[in-house]
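Descriptive structure summary
Chain by chain, the residues:
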Amino acid sequence: MKKTAKRTELIEVAQGRRPADLVIKGGTVINVYSGEFLKQNIAVYKDCIAYVGEKDVEVDHHTKVIDAEGMYVSPGFIEPHAHPWVLYNPVSMTKKVLPLGTTTTVNDNLFFYLHMGPKGFKKMVNDLKVLPGNFLWLVRLVSQADFPGEKEWFNQKDVQELLELDEVIGTAEVTRWPQIYQGDPFLIDTMERAKKMGKVVDGHTAGCSYDKLNSIAAAGVSACHEAITAKEALNRLRLGIWTTMRNSSLRPDLPELVKIIIEGKVSTNRMTMTTDGPHPGFIEEEGFVDGLVRKAVELGVPVMNALQMVTINAAFYLRLDDHIGGIAPGRLADILLLPNLKEFRPSAVISKGEIVAKKGELLVSMPEIHWNQYIKREPFLFLKEMLNDLNLYRYPHSSSEKTVPVVYFTSNVITKRKDMMLPSKDGFAHIAAHKGLLNAVLIDRKGKWISKAILERFALNLDGMASTYNTTTELLVIGKNPDSMAIAAKKVYEMGGGIVVVDGNEVILEIPLPFTGMMAIDSSFETVVENHVKLQAALQERGFPFHDILYTLLFLTCDFLPDLKLVPLGLYAVKENQILLPAQPLNEAIVK
């Protein structure tokens, strides 16, 4: 992390031979290194802290002096595992979370890289350097759903080039962790290269047993955020894996996870916390990293431990503790003024020595980014016409001859296989008599293939919807009415990406997401909050029974969570690692 302040200048400020640019006087400094609360002054020069102590430092008429009497002075919060693409984009997310005290975010690059390739992604990373705060990256080694050409897209040369960027501090989670367990040469070699470069290897080990975790740790995985029970969190901790406790819109697991601290009395030295890409409404209601601290303290975690988990612990894990994570000379001046240690909402946020927010209001301008300049993949090279029978599951059998494997939702993101006898009509499965059954198709943007499935317990009365918001960013179309599904698909095509819901022939909701099919292009966080609320309400009115529609859409097309999934290769059974119904070439599907 580059700093503008020279070491010699910081020495002079610390010795009183050069005036400070900013002085914070009379506050109670939260020393996350020693675990103490100390009444001290802080001197800042350019973007760095020069002095922390009891003496008065040199000032002149240019020095800004902040009276922090009655305030707690905290290091800026760190989010070590962010996904800046949940309808919001990097600019709109930063605009929201920086005033809440998160001065550093470490971000997953998945959908950016999928659509930009290495050249476009590198250009975007360079353009985003002007964002206030520290905006850092982890690079994916594989996608979240295998697709034709994946290995060529995620090749060693391109990934290696990205790892060499200063803003890239490691490799991102590999959701298909069994590949690491089995010793996949590309993954193991690339992870080892990252570690030799002094960078981290983030992990994703959902459902991984203690014995298998041994192999994951031996492979070099640095951290995991997928523990959902106290026992799972302790297993990771005991094997030397940084344990990142999650509280997110999909998985609000903190009340369970902190039991190892409150009841188990284990050390928090290798624990951090994450929001793991929450939907916009969650951030609006619960906050971001500030919300993690607030929740942890409410649950009984000691204040100092909670603050250390989102500051110095995260910095140590990220190998950035010489730069961020604490209030000490030589560190970046990322500082929060907290009125109390209950709400953890800063009255002022300082980033790199600049006051960037006061009382929740951003004081600095945000960059104007023309997002689609980076895109390499063309949005939709087909779909001039959407043939309605493409939406139907081909089933030229009588109900007594063959069962259909149905994708049955047990939660937002977990499904199971349910084999059903269905009648055939005109060569397709006839679902009208079964309330709650819906057709679903995933269609390649380039018009090369189509995957099909039948869903149950996704919604009861959904005529049609289409979405590029999913883990493949291909066109996902769901519904019971083929005409409505076709209208929704055509509308998404016209928008260049997004989410559309249709009743009969009427479009009742449209959310444009032209940036990779996942994100809005404007910088308004309020707009994405509003759109999320409308989407959740529209789907729940039509019988969606769960709490997080965005993650349901996202993970229906992944290939790592149980059990039946609709992926580019076809209808996939995760546990059996088997394609039950292969994807068809689209031209073949049209002819038949």
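Residues numbered from 1 in each chain as written. Predicted model: local features only at pLDDT ≥ 70, side-chain atom pairs only at ≥ 80, totals over all residues. Heavy atoms only, no water.

For the chain, the name recorded in an unreviewed UniProt entry is adenine deaminase, with Aeribacillus alveayuensis as its organism. Entered under Sequence similarities (unreviewed entry) in the UniProt record, the comment concerning the chain runs "Belongs to the metallo-dependent hydrolases superfamily. Adenine deaminase family." UniProt's Catalytic activity (unreviewed entry) comment on the chain is quoted here verbatim: "adenine + H2O + H(+) = hypoxanthine + NH4(+)". (UniProt positions renumbered as here; feature names shortened; annotations may be inferred.)

Another aspect to go through is helix α2 (residues 90-97). A large share of α2 lies buried, amounting to seven of its eight residues. What α2 keeps buried is the set Pro90, Val91, Ser92, Met93, Thr94, Lys96 and Val97. Elements that come into contact with the buried residues of α2 comprise β7 (102-108), α3 (110-127), β8 (134-139), α12 (280-286) and α17 (525-541). Capping of α2 at its N-terminal end is provided by Asn89; its side-chain oxygen lies 2.9 Å from the backbone amide nitrogen of Val91. (Buried < 20%, exposed > 50% of the residue type's maximum accessible area, 1.4 Å probe, protein only. Helix = DSSP H or I, 4+ residues; strand = E, 2+ residues; numbered from the N terminus. Contact = heavy atoms within 4.5 Å. Polar contact = N/O pair within 3.5 Å; in protein donor to acceptor, adjacent residues only side chain to side chain.)

Ordered in space as β28-β29-β30, the three strands form an open sheet in which the pairing is antiparallel. Lying at the two open borders of the sheet, with one neighbouring strand each, are β28 (564-567) and β30 (578-582). In this sheet, adjacent strand axes meet at a mean angle of 30° when their direction is disregarded. The sheet contact formed by β28 and strand β29 (residues 570-573) spans four bridges and is antiparallel. Following the sheet pairing, Leu566 is matched in β29 by Leu571. (Pairing = 2+ DSSP bridges. Axes fitted to C-alpha atoms, helices over the stretch in contact; angles between N-to-C directions.)

To continue, consider unusual backbone geometry. Note that the residue after Pro562, namely Asp563, is joined by a cis bond; omega there is -15°. Not every positive phi belongs to a glycine, and Arg319 is a case in point at roughly 60°. Within the secondary structure layout, Arg319 lies in the loop between α15 (312-317) and β14 (335-338). Residue classification places Arg319 among the partly exposed positions, given a relative accessible area of 39%.

Considering all chains together, one arrives at 27 salt bridges under this definition. Across the pair Arg251 and Asp253 runs a salt bridge whose closest N-O atoms are separated by 2.9 Å. Assessed through its relative accessible area of 30%, Arg251 is described here as partly exposed. Note that Glu541 is salt-bridged to Arg542, the shortest N-O span being 3.5 Å. Assessed through its relative accessible area of 63%, Glu541 is described here as exposed. For Arg542, a relative accessible area of 10% gives the class buried. Residues joined by salt bridges that share partners form a network here, namely Glu226, Arg246, Arg251, Asp253 and Asp276. (Salt bridge = Lys/Arg side-chain N within 4 Å of Asp/Glu carboxyl O.)

This next bit is on the packing of aromatic side chains. All told, the structure shown has 16 aromatic pairs when counted by the stated rule. Considering the side-chain rings of Tyr88 and Phe525, the 5.7 Å spacing of their centres and the 25° angle between planes classify their relative orientation as stacked. A residue pair is termed long-range when its members are at least 10 positions apart, and Tyr88 in the loop between β6 (77-82) and α2 and Phe525 in helix α17 qualify at 437 residues. Neither Tyr88 nor Phe525 differs from the other in exposure class; each is buried. Linked through ring pairs, Phe112, Phe121, Phe135, Trp137, Trp371 and Phe515 together constitute an aromatic cluster. One Lys or Arg, Lys55, reaches over the ring of Tyr51 and ends 5.1 Å from the middle of that ring. (Phe/Tyr/Trp six-rings, centres within 6.5 Å; stacked < 30°, edge-to-face > 60°. Lys NZ or Arg CZ within 6 Å of the ring centre and 35° of its normal.)

This part covers the nonpolar core. Core analysis: the largest hydrophobic core is formed by 162 residues, its most contacted members being Met124, Met245, Phe458, Tyr469 and Ile478. Beyond its immediate sequence surroundings of up to four residues, Ile478 is in contact with Leu438, Asn439, Ala440, Leu455, Phe458, Leu462, Asp463, Gly464, Met465, Met485, Leu553 and Leu556. (Core = buried A, V, L, I, M, F, W, Y, C linked by side-chain atoms within 4.5 Å.)

Glancing now at the packing of helix α5 (residues 156-163) against helix α7 (residues 185-196). Contact geometry of α5 with α7 gives a least axis separation of 11 Å together with a crossing angle of 20°. Classified by the angle their axes make, α5 and α7 are roughly parallel. Read as a crossing pair, α5 and α7 show a hand that is right-handed. Contacts between α5 and α7 pair Gln156, Val159, Gln160 and Leu163 from the former with Phe186, Asp189, Thr190, Arg193 and Ala194 from the latter. Per-class residue counts for the contact of α5 with α7 are four nonpolar, three polar and two charged. (Parallel < 35°, antiparallel > 145°, perpendicular 65-115°, else oblique. Left-handed = near helix turned anticlockwise from the far one by under 90°. Nonpolar A, V, L, I, M, F, W, Y, C, P; charged D, E, K, R; others polar.)

Where strands meet in a sheet, backbone hydrogen bonds hold them as pairs that are either parallel or antiparallel. Strand order in the open sheet formed by eight strands is β6-β7-β8-β9-β10-β11-β12-β13, with parallel pairing between adjacent strands. Here the strands that pair on one side only, and so sit at the sheet edges, are β6 and β13 (271-274). The sheet contact formed by strand β9 (residues 168-171) and strand β10 (residues 200-203) spans two bridges and is parallel. Within the sheet, the bridge partner assigned to Gly170 lies in β10 and is Val200. Across the sheet, α5 is in contact with β8 and β9; its angle to β9 comes to roughly 140°.

Our focus in this paragraph is the UniProt feature "domain: Adenine deaminase C-terminal" (unreviewed entry) in the chain. When the UniProt feature table is mapped to this numbering, "domain: Adenine deaminase C-terminal" (unreviewed entry) covers residues 413-577. Taken end to end, residues 413-577 comprises 24% helix and 34% strand; its first and last C-alpha atoms sit 18 Å apart.

Residue placement: His204 occurs in the loop between β10 and α8 (210-219). A distance of 2.8 Å separates the side chain of His204 from the side chain of Glu173, its partner in a polar contact. Within the structure, the side chain of His204 is placed 3.2 Å from the side chain of Glu226, a separation counted as a polar contact. Other than its neighbours up to four places away in sequence, His204 contacts Glu173, Val174, Thr175, Trp177, Cys224, His225, Glu226 and Phe560.

All right, on to the pairing of β8 then. Of all six residues in β8, six are buried, a share of seventy percent or more. The side-chain alternation of β8 yields two buried faces, one formed by Asn134, Leu136 and Leu138 and the other by Phe135, Trp137 and Val139. For β7 and β8, the ladder comprises five bridges, and the chain directions are parallel. Its bridge partner being in β8, Thr105 is matched across the sheet by Phe135. With α3 bridging β7 and the parallel β8, this β-α-β connection has right-handed handedness. (Right-handed = clockwise from strand over helix to strand, strands pointing away.)

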